[in-house]
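Take a look at the letters that make up each chain.
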Amino acid sequence: MTGATPNSSSPKVVAFGGGHGLAASLSALRHLTRELTGVVTVADNGGSSGRLREELGVLPPGDLRMALAALCGDDEWGRTWAGVLQHRFTSEGPLKDHALGNLLIAAIWDQLGDHVAGLDLVAQLLGAQGRVLPMAAVPLDIEADVHLRSAPDRLTLVRGQSQVASVDGQVVSVRLDPHDPPACPEAVAAVKDADWVTVGPGSWFTSVMPTLLVPDLRDALVSCTAQRVLVLNLGEQAGETEGLTPVDHLEVLAAHAPELGLDVVIADTSLVDSRGNLEAMARSLGAKLVVAEVATAPGSDQHDPIRLAAAFSRAMKQA
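Source: prediction; values computed, not measured.

Q: Mind showing me how you'd approach the packing of helix 3 (residues 62-70) against helix 4 (residues 76-86) here?
A: Each pair of packed helices gets described by two things: the angle between the helix axes and the distance between those axes. Where helix 3 contacts helix 4, the axes come no closer than 9 Å and their chain directions differ by 165°. With respect to their mutual orientation, helix 3 and helix 4 come out roughly antiparallel. Once helix 3 is placed against helix 4, the crossing between them reads as left-handed. Contacts from Arg65, Met66, Leu68 and Ala69 of helix 3 reach helix 4 at Ala82, Leu85 and Gln86. Of the residues in the contact of helix 3 with helix 4, the class split is 5 nonpolar, 1 polar and 1 charged.

Q: So what exactly am I meant to see when it comes to the sheet that holds strand 5 (residues 151-159) here?
A: To summarise the sheet geometry, strands pair through backbone hydrogen bonds and adopt either a parallel or an antiparallel arrangement. Across the sheet, 3 strands lie side by side as 5-4-6; this open sheet has antiparallel pairing. One side of each edge strand has no neighbouring strand; the edge strands of this open sheet are strand 5 and strand 6 (169-177). For this sheet, the mean inter-axis angle between neighbouring strands, taken without regard to orientation, is 20°. The pairing of strand 4 (residues 141-148) with strand 5 spans 5 bridges and is antiparallel. Bridge pairing in strand 5 places Val146 opposite Thr156.

Q: I'm lost on unusual backbone geometry in this one. Help?
A: A cis amide bond, omega 0°, links Asp177 with the succeeding residue Pro178. Mapped onto the elements, Pro178 comes out in the loop between strand 6 and helix 8 (185-192). Residue Pro201 is bonded to the preceding Gly200 through a cis peptide linkage, with omega at 0°. In this structure, Pro201 sits in the loop between strand 7 (196-199) and helix 9 (204-208).

Q: How do you make sense of the confidence of the model for the protein when you look at a structure like this?
A: In regions of low pLDDT, the predicted coordinates are not meant to be interpreted in detail. The share of residues in the protein with pLDDT of 70 or more is 97%, and the mean pLDDT across the chain is 92. Mean pLDDT across the elements of the protein bottoms out in helix 4 (86) and peaks in helix 8 (98). Across residues 1-8, where pLDDT falls below 50, the model places 16 contacts with residues more than four positions away in sequence or in other chains.

Definitions and limits used
Residues numbered from 1 in each chain as written. Predicted model: local features only at pLDDT ≥ 70, side-chain atom pairs only at ≥ 80, totals over all residues. Heavy atoms only, no water. Axes fitted to C-alpha atoms, helices over the stretch in contact; angles between N-to-C directions. Helix = DSSP H or I, 4+ residues; strand = E, 2+ residues; numbered from the N terminus. Parallel < 35°, antiparallel > 145°, perpendicular 65-115°, else oblique. Left-handed = near helix turned anticlockwise from the far one by under 90°. Contact = heavy atoms within 4.5 Å. Nonpolar A, V, L, I, M, F, W, Y, C, P; charged D, E, K, R; others polar. Pairing = 2+ DSSP bridges. pLDDT = per-residue confidence, 0-100.

This is the structure we're talking about:
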């Protein structure tokens, strides 16, 4: 690996988020520490996860599956099991588009009757280099206030993660239903014990903000002694954050979790403006801006795990 050196002291790191963004962070961070926990959004209501959630009453397993796959090792065992976990069935029947990992996780939950124990068992099977936990102990729904393109002069309520993510308009704010869900106790304990906590990248309103809206988890994040690192997205997301600048993304975070201070904001070089507006906004949140090339390629909206690992390593060394 180039540009980042694994830390022999293995700092305890907790990474918040969901989907591809959290998977990128976990893929990067596992090169730097053996003490790694992913805390995952559990509000997905679409696709395979939504179908299992509705049919079985379980937490949506999709983002949890992606996080577990990201923690698989680079050896043959890890690569094989990551592929198995991510495999999707193609058929015209009930299995169509189901991810095998979703079915495996749901089956183990059904047998054990415990979400955390089930995820720990899957992690053990995979040889995962870290732990994956849900942010809440119950499935959640996202509600958003949106200025629809068809009705820009008034706020419209949109409900459901997949619906908010694909909305044709500008999302203004999001909240959870239930409003005060029970946090996963193991996730709260991990944050309190962490040396570093990372937030983002990911779908800003449907993956990143929800992790800051579970009261007990947010309180732990605000009061913990860990260094708090935010990773900015590489650009706007069609529908969900269309038209939002990097500064706007930080303002959204400040509006949803005003008491949360940051220590570091990591931004790709393409996001930095010549007037220093992004640096000034980061500083207003108490954070140092770390600028690095973290995209897989110029213009890409995907973070490269190796480059992101180097940026995390740099931030940790400068702390």
